[in-house]
Amino acid sequence: VDDCALFYYNQILAADPDNPSAKEGLILIGDRYHTLAQIAWKKLEISRARVLVDKGLTVVPDHDELLTLKKEFAGSKPKLIYKGIQKNFKEAFD
C-alpha cells in the first residue's frame, strides 16, 4: 500500500478537512488493506492478516470491513485457520 498516497491525502485533509477526494482516497487505502488481509487469511498467514487489519484501521479507524475482521481475528488461531480453509474450499467450489 502506497504510504506516499496516505501522506498526501493527510496533507490535503489537514488543509481541507472535508475534501471528498482525499476522504475517498483514504477509504480506498482501507479497502486495499482489507483485501490484503483477506488474501493473507486465505493463505493461513494469520499473524500477517492481523497486522494488515491493524494498519488499515490506523488509516480508516471506522472502516466497517476492517472492524469486522478485527473482531473475527480476536478468536483463537486454530479457529481462524479452520475458517481460512473453509474460505478456500468455498471459493474452489463456487
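Residues numbered from 1 in each chain as written. Predicted model: local features only at pLDDT ≥ 70, side-chain atom pairs only at ≥ 80, totals over all residues. Heavy atoms only, no water.

Novice: Help me understand the packing of aromatic side chains in this model?
Specialist: The full count for this structure, using the stated rule, is 2 aromatic pairs. For the ring pair Phe 7 and Tyr 8, a centre distance of 5.2 Å and an interplane angle of 80 degrees mean the geometry is edge-to-face. On the accessibility criterion, Phe 7 (44% relative accessible area) is partly exposed. Measuring from ring centre to ring centre gives 5.1 Å for Trp 41 and Phe 73, while their planes differ by 85 degrees; the resulting arrangement is edge-to-face. One end of the pair, Trp 41, is in helix H2 (residues 20-42); the other, Phe 73, is in the loop between helix H4 (64-72) and helix H5 (77-93), with 32 residues separating them in the sequence. On the basis of relative accessibility, which here comes to 5%, the residue Phe 73 falls in the buried class. (Phe/Tyr/Trp six-rings, centres within 6.5 Å; stacked < 30°, edge-to-face > 60°. Buried < 20%, exposed > 50% of the residue type's maximum accessible area, 1.4 Å probe, protein only. Helix = DSSP H or I, 4+ residues; strand = E, 2+ residues; numbered from the N terminus.)

Novice: Teacher, can you tell me more about the pattern of salt bridges here?
Specialist: Should the charged atoms of two oppositely charged side chains come close, the side chains can pair. Summed over all chains, the structure comprises 4 salt bridges. Of the charged contacts, one joins Asp 18 and Lys 23 as a salt bridge, the two residues approaching to 3.7 Å between their closest N and O atoms. Residue classification places Asp 18 among the exposed positions, given a relative accessible area of 59%. Since its relative accessible area comes to 39%, Lys 23 is described here as partly exposed. One salt bridge connects Asp 54 with Lys 70, and the closest N-O pair in it is separated by 2.6 Å. A residue pair is termed long-range when its members are at least 10 positions apart, and Asp 54 in helix H3 (residues 46-59) and Lys 70 in helix H4 qualify at 16 residues. The exposure class assigned to Asp 54 is partly exposed, which follows from its relative accessible area of 34%. (Salt bridge = Lys/Arg side-chain N within 4 Å of Asp/Glu carboxyl O.)

Purely geometric numbers; function is a separate question.
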